[in-house]
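Chain residues, written in single-letter form:
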Amino acid sequence: MAGVPVEVEGIVPVRGAVVTRIVTVPGVGAGAHASGDVVGEPFPIPDLVRVAGGGGVIETVVLIESTTNSVGTELWLFDDTISSAADDAAHSISDLDATRAVGVIPITSYTASALNSEGTARGVGLAFNCKAGSRRLVGLLVTRGAPTYAAGGITLKVSVILE
């Protein structure tokens, strides 16, 4: 029926709509990390766009820690699977993986409670397209401080304006 809004795989297929995806970062080990270390493992951020190969604009990223580190962190984004250094090892990607980069979002503004903290990057404005056949990006966190994490203690919320 023409003119009736429908959902496609959980996303309202309307340009300009905002979708938020929540992802728990896998592989975050308990213990101290050094500046420049990978935090966890590469992780998919699924269903970010209306159609495979589509695009959008990342507007907000919220990083939620189960600790109160409040340390600068970068969210590296790629349009395909990558090989990365292990959790708590120096960040390093191959030249091939570098060609898959969509952008890097620094998260430097934090607010802490007694038990956890949230870092927020607002007004990011990072335009992207998923690779052909895909509706996801792949994320990787890199710390720019010396935090001590709890195992499995990081969640991300990524908000995208649909193209």
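Basis of the calculations
- Residues numbered from 1 in each chain as written.
- Predicted model: local features only at pLDDT ≥ 70, side-chain atom pairs only at ≥ 80, totals over all residues.
- Heavy atoms only, no water.
- Helix = DSSP H or I, 4+ residues; strand = E, 2+ residues; numbered from the N terminus.
- Buried < 20%, exposed > 50% of the residue type's maximum accessible area, 1.4 Å probe, protein only.
- Contact = heavy atoms within 4.5 Å.
- Areas by Shrake-Rupley, 256 points an atom, 1.4 Å probe, with all protein chains shown as cover.
- Lys, Arg positive; Asp, Glu negative; His and termini not counted.
- Charge placed at Lys NZ, Arg CZ, Asp CG, Glu CD.
- Pairing = 2+ DSSP bridges.
- Axes fitted to C-alpha atoms, helices over the stretch in contact; angles between N-to-C directions.
- pLDDT = per-residue confidence, 0-100.
- Core = buried A, V, L, I, M, F, W, Y, C linked by side-chain atoms within 4.5 Å.

Here we take up the overall build of the protein. Looking only at helices and strands, the protein has one helix and eleven strands in total. Reading the secondary structure of the protein in the N-to-C direction produces β-β-β-β-β-α-β-β-β-β-β-β. With the C-alpha coordinates of the protein rotated into their principal frame, the extents come out at 55 × 40 × 25 Å. When each of the 163 residues of the protein is scored for burial, the buried share is 42%. Restricting the contact set of the protein to residue pairs at least 6 apart, pairs at least 24 apart contribute 83%. Surface exposure of the protein reaches about 7500 Å², of which carbon and sulfur atoms provide 54%. Each charge sign in the protein was given a centre, from 10 positive and 16 negative side chains, and these centres are 8 Å apart.

This paragraph deals with the sheet that holds strand β1 (residues 18-24). If you walk across this open sheet you meet the five strands as β1-β11-β4-β8-β7, and the pairing is antiparallel. In this open sheet, the two strands that pair with only one neighbour each are β1 and β7 (109-112). Pairwise comparison of adjacent strand axes, ignoring direction, gives a mean angle of 20° for this sheet.

Let us now look at the confidence of the model for the protein. Within the protein, residue pLDDT values average 91, and 92% of them lie at 70 or more. Here residues 1-8 is a poorly scored stretch, pLDDT under 50, and it has seven contacts once near neighbours within four places are set aside; other chains count.

Okay, the environment of Leu 141 next. Topologically, Leu 141 is positioned in strand β9 (residues 137-143). What makes Leu 141 buried here is its relative accessible area of 0%. Through-space distance from the C-alpha of Leu 141 to that of Leu 77 is 9.0 Å; in sequence the pair is 64 residues apart. Not counting residues up to four positions away in its chain, the partners in contact with Leu 141 are Val 25, Asp 37, Val 38, Val 39, Phe 43, Leu 63, Thr 73, Glu 74, Leu 75, Ile 154 and Leu 156.

Bringing the pairing of strand β8 (residues 117-129) into the picture now. Here strand β4 (residues 55-65) pairs with β8 via ten bridges, running antiparallel. Looking across to β8, one finds that Val 61 is bridged to Ala 121. Across four bridges, the pairing between β7 and β8 is antiparallel. The partner of Ser 109 across the bridge, within β8, is Thr 120. Hairpin connection between β7 and β8: a loop of four residues separates the two successive antiparallel strands.

Okay, the nonpolar core next. The nonpolar side chains of a soluble globular protein tend to be buried with one another. Counting residues in hydrophobic clusters, the biggest one holds 29 residues, and the most contacted among them are Ile 58, Leu 75 and Leu 141. For this core, the secondary structure elements donating two or more residues are β1, β3 (38-45), β4, β5 (73-78), β6 (101-107), β8, β9 and β11 (154-162). Ignoring any residue separated from it by four or fewer positions in sequence, one finds Leu 75 in contact with Phe 43, Val 61, Gly 103, Val 104, Ile 105, Ile 107, Gly 139, Leu 140, Leu 141 and Leu 156. Counting residues in each nonpolar core, the second largest holds eight residues, with Val 38, Phe 78, Ala 85 and Leu 140 among its members.

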